[in-house]
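Close look at the chain arrangement
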Amino acid sequence: MLQKLSINNYALIDNLEISFDSGLNILTGETGAGKSIILGALSLILGQRAESRYFFNQQKKCVIEGTFKIGAFHLKQFFEENDLDYEAETVLRREISADGKSRAFVNDTPVNLTSLKALSEKLIDIHSQHATQEINDPEFQLLIVDAVAKHDDLLNNYRSKFRSYKKATGKLQQLIQESDKAKADLDYFQFQFDELEKANLVADEQEQLEQELFTLNNAEEIKSNLTAAYYLMHEGEASAIIQLREAGHQLLALEKFNPEITELYQRLNSAVIELKDIAAEIEIIEQRTHVDEARANEINDRLSLIYNLQKKHRLNSNTELLELQNNLSDKIQQAVFGDEAIEKLRKQLDADRKELETLAEELSENRKKTIPVIETSVLQSLAEMGMSNASLKIEQVVRKNDAVELLNKNGIDDIQFLFSANKGHALAEMSKVASGGELSRLMLAIKSLIAQNTALPTIIFDEIDTGVSGEVANKVGQIMEKLADNLQVITITHLPQIASKGSSHYFVYKDDESATTYTRIKQLDKQERVLEIAKMLSGDKPGESAMENARELLNQEI
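Structural notes, computed from the coordinates.

Scoring rules and cut-offs
- Residues numbered from 1 in each chain as written.
- Predicted model: local features only at pLDDT ≥ 70, side-chain atom pairs only at ≥ 80, totals over all residues.
- Heavy atoms only, no water.
- Helix = DSSP H or I, 4+ residues; strand = E, 2+ residues; numbered from the N terminus.
- Rg over C-alpha atoms; globule rule 2.2 N^0.38 Å.
- Buried < 20%, exposed > 50% of the residue type's maximum accessible area, 1.4 Å probe, protein only.
- Contact = heavy atoms within 4.5 Å.
- Areas by Shrake-Rupley, 256 points an atom, 1.4 Å probe, with all protein chains shown as cover.
- Lys, Arg positive; Asp, Glu negative; His and termini not counted.
- Charge placed at Lys NZ, Arg CZ, Asp CG, Glu CD.
- Core = buried A, V, L, I, M, F, W, Y, C linked by side-chain atoms within 4.5 Å.
- Pairing = 2+ DSSP bridges.
- Polar contact = N/O pair within 3.5 Å; in protein donor to acceptor, adjacent residues only side chain to side chain.
- Axes fitted to C-alpha atoms, helices over the stretch in contact; angles between N-to-C directions.
- Parallel < 35°, antiparallel > 145°, perpendicular 65-115°, else oblique.
- Left-handed = near helix turned anticlockwise from the far one by under 90°.
- Phe/Tyr/Trp six-rings, centres within 6.5 Å; stacked < 30°, edge-to-face > 60°.
- Lys NZ or Arg CZ within 6 Å of the ring centre and 35° of its normal.
- Salt bridge = Lys/Arg side-chain N within 4 Å of Asp/Glu carboxyl O.
- Expected span 1.5 Å × (residues − 1).
- Arc of directions from axis to C-beta.

Once that is clear, we can look at the overall build of the chain. Of the regular secondary structure elements, the chain holds 18 helices and 15 strands. The globule rule puts the C-alpha radius of gyration for 558 residues at 24 Å, and the 43 Å found for the chain is more than 25% above it. Projecting the C-alpha coordinates of the chain onto the three principal axes gives extents of approximately 140 × 75 × 40 Å. Expressed as a percentage of its 558 residues, the buried residues of the chain come to 42%. Taking as baseline every contact in the chain between residues at least 6 positions apart, the subset at least 24 positions apart corresponds to 70%. Only carbon and sulfur atoms are counted for the fraction: they give 48% of the accessible area of the chain, which is about 30,800 Å². The chain carries 63 positive and 91 negative side-chain charges, and their two centres are separated by 7 Å.

Now for the nonpolar core. One finds Val378, Leu382, Phe417 and Phe419 to be the most contacted residues of the largest nonpolar core, which totals 55 residues. Dropping the residues within four chain positions of it, phenylalanine 417 is found in contact with Gln141, Ile144, Val145, Leu392, Lys393, Ile394, Ala428, Glu429, Met430 and Ile446. Counting 43 residues, the second largest nonpolar core, distinct from the first, contains Tyr10, Ala41, Ile96 and Leu116.

The next point concerns the sheet that holds strand S11 (residues 428-429). Strands sit in the order S9-S10-S11 across an open sheet of three strands; the sheet is antiparallel. At either margin of the open sheet sits one strand with a lone partner, and together these are strand S9 (391-398) and S11. The pairing of strand S10 (residues 413-420) with S11 spans two bridges and is classified as antiparallel. Residue pairing across strands places phenylalanine 419 opposite alanine 428, the latter belonging to S11.

Turning our eyes to something else, we now look at the side chain of asparagine 410. In this structure, asparagine 410 sits in the loop between S9 and S10. Side-chain polar atoms of asparagine 410 contact the side chain of glutamate 139, separated by 3.3 Å. Apart from residues lying up to four places away in sequence, asparagine 410 is in contact with Glu139, Leu142, Tyr158, Arg159, Leu363 and Arg367.

Take the packing of helix H8 (residues 219-235) against helix H10 (residues 260-288) next. Where H8 contacts H10, the axes come no closer than 9 Å and their chain directions differ by 155°. On the basis of the axis angle, H8 is roughly antiparallel to H10. As H8 runs across H10, the sense of the crossing is left-handed. Facing H8, whose interface residues are Lys223, Leu226, Thr227, Ala229, Tyr230, Met233 and His234, H10 presents Leu275, Ile278, Ala279, Ile282, Glu283, Ile285, Glu286 and Gln287.

As a further point, take the packing of aromatic side chains. All told, the structure shown has six aromatic pairs when counted by the stated rule. Look at phenylalanine 78 and phenylalanine 79: their rings are 6.2 Å apart centre to centre, the planes differ by 75°, and that puts the pair in the edge-to-face class. Residues phenylalanine 78 and phenylalanine 79 agree in their burial class; the two are buried. Relative to tyrosine 86, the ring of phenylalanine 79 lies with its centre 5.3 Å away and its plane at 90°, an arrangement referred to as edge-to-face. The exposure class assigned to tyrosine 86 is partly exposed, which follows from its relative accessible area of 24%. The structure contains a cluster of three or more aromatic residues connected by ring pairs, namely Phe78, Phe79 and Tyr86. The lysine or arginine in question, arginine 93, covers the ring of phenylalanine 105, its NZ or CZ lying 4.2 Å from the ring centre. For the cation-ring pair, arginine 520 lies above tyrosine 518, with the distance from its terminal atom to the ring centre recorded as 4.4 Å.

Pairing is mixed in the open sheet, where six strands are placed in the order S8-S12-S13-S3-S14-S15. Two strands close off the open sheet at either side, each with one partner strand: strand S8 (124-128) and strand S15 (518-523). Across this sheet, the average inter-strand angle for adjacent strands is 15°, counted without regard to direction. Here strand S3 (residues 24-28) runs beside strand S14 (residues 504-511); their pairing, made up of four bridges, is parallel. Among the inter-strand pairings, leucine 27 is bridged to a residue of S14, identified as tyrosine 506. Strand contacts of helix H1 (residues 35-44): S3, S8, strand S12 (458-462), strand S13 (488-492), S14 and S15, with the helix running at about 145° to S12, the strand carrying the most contacts.

This next bit is on the side chain of lysine 447. Relative to the assigned elements, lysine 447 resides in helix H14 (residues 436-452). With near-sequence residues (within four places) excluded, lysine 447 lies in contact with Asp125, His127, Glu134, Ile459 and Phe461.

This part is about unusual backbone geometry. Phi is positive for alanine 11, which is not a glycine, with a value near 55°. By the element assignment, alanine 11 lies in the loop between strand S1 (2-10) and strand S2 (13-19). Alanine 11 sits in the partly exposed class, given a relative accessible area of 22%. Phi is positive for asparagine 107, close to 50°, though the residue is something other than glycine. Residue asparagine 107 is classed as buried on the basis of its relative accessible area of 14%.

The next subject is the pattern of salt bridges. Under the criterion given, the structure shown has 21 salt bridges. For the salt bridge of glutamate 286 with lysine 223, the shortest nitrogen-to-oxygen distance reads 2.9 Å. Of the two residues, glutamate 286 sits in helix H10 while lysine 223 sits in helix H8, which places them 63 residues apart along the sequence. Glutamate 286 sits in the buried class, given a relative accessible area of 16%. Of the residues examined, lysine 223 reaches a relative accessible area of 30% and is grouped as partly exposed. The salt bridge partner of aspartate 511 is arginine 520, with a shortest N-O separation of 3.5 Å.

Turning to helix H4 (residues 138-149), a few remarks are in order. Between its terminal C-alpha atoms H4 stretches 16 Å, which fits the 16 Å expected from twelve residues at 1.5 Å a residue. Among the twelve residues of H4, nine are classified as buried, and the element is accordingly described as predominantly covered. For H4, the set of buried residues is Phe140, Gln141, Leu142, Ile144, Val145, Asp146, Ala147, Val148 and Ala149. Looking one or two residues past H4, lysine 150 carries a phi angle of roughly 55°, positive in sign.

Take H8 next. Restricting attention to buried positions, one finds in H8 the residues Ala219, Leu226, Tyr230 and Met233. For H8, the angular spread of buried residues about the axis comes to 75°, placing them on one side. Set apart from the buried face of H8 by more than 90 degrees, the exposed residues are Glu220, Glu221 and Leu232. Residues of H8 that are buried in the fold lie against helix H7 (205-217), helix H9 (240-254) and H10.

Tracing the chain through its elements places asparagine 82 in the loop between helix H2 (76-81) and strand S5 (89-96). Of the polar contacts made by the side chain of asparagine 82, one reaches the backbone oxygen of phenylalanine 78; its length is 2.8 Å.

Laid out in structure tokens, this is it:
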């Protein structure tokens, strides 16, 4: 249930805080006082989009916070699935900055609007006077039946399997298309594959061949320079090694005069050894370097093949050519063996469809059993609200195997509500045979039934009593009061008969005593409530008769 609502910087509200009771909560006030503004603010923490132009102060951020008591509503799994901290008293908060940027939080953990909306749908249902239009929506009508049938686990299981089935069906169509195309292109793919396979490509081959060819093309220069380097280092009469050896003899002769010279001699001797190693390696490289025109021609031919393949396929390396070869192999395999994969998937889809049909039939049977319960309950509630001659028929059309689309996300059923508000009139779509007041009462009866069969903590009625008055209004109030035995009900009303019901009465008003107009709210005590209901009966200055009538209405509850 909604325990507390805090609104800061929204529309005509600078700072407002409301604490609600668990039963029936009444909100009244003059038209334009701000009752709908409060609902608009509440809708923000329920995941609705926001615009900064609705801010009270355009220079400050808007903050809406709602505290919900959820310990009895089995929501731990939702919190776990969405990585949220579960608290028996959960706080939903929405912050919108002046530049329109929005942030949402659940128990101080940042969430996106999708998660916020998913959670809020499990906490509150807001029904406005315009929501009666959805009563003719087939999806809503089916939702009513499913809610009363209480087969959520079965329905969710069916829908999960149906989504997988549709995805697999799409995969089958894709495989068929790819297989048909692969068969049509098989000869072309095979030719390309054979050409690449015959080339016997190696991933890093091109770089190695290019380096080897570069060396062969410059073999004479390489050999000449290596020979000269070897001569200067080792073979010449004044070679570097001979010169260094002579320098070593000179240092060795001085060793006895200065101990430091010993270290210098050792370092020089090490340098001579290193130079001899270098000279030896130079000689080895020089000896194996030679002009080989036959090998150069062989490499050129190989590189020409590689370059031509890359140009032909518009690729830049052997690695890419090898990837193409693998892709061609896959396409050839698909063309040759694709029918096997298609047949395997078809068999799996047939099995999945049979399972879906079994689940859909179970859903259909549950709905069939539930429909009379709904018809009886709604008509009973309507009778209590002065519509004893109303008729309601819920038609269930079960699609057969020859239907174009036997299965959909809801199973095999199409549901249609047919209604008549008066005796002797034919049943028809509800919007065609019911007035605004009759639709309001019908929706209240349906919403009450749904609420009794779901774990919804709170329902809000925004002037659902439009089009009713007198004793009918009193009956509507009694239905709301009865509904509040099982869940929290918050209702906005202009009717004194309904305002007299419930345990808590809140008055919404405009405060324009200062230079700026504010929306305020206060909870009325017993005397204030009598005066407010008397004003609803006769105007701003109620007489003693109106006051007495107000007391009589409230005495029914006090």
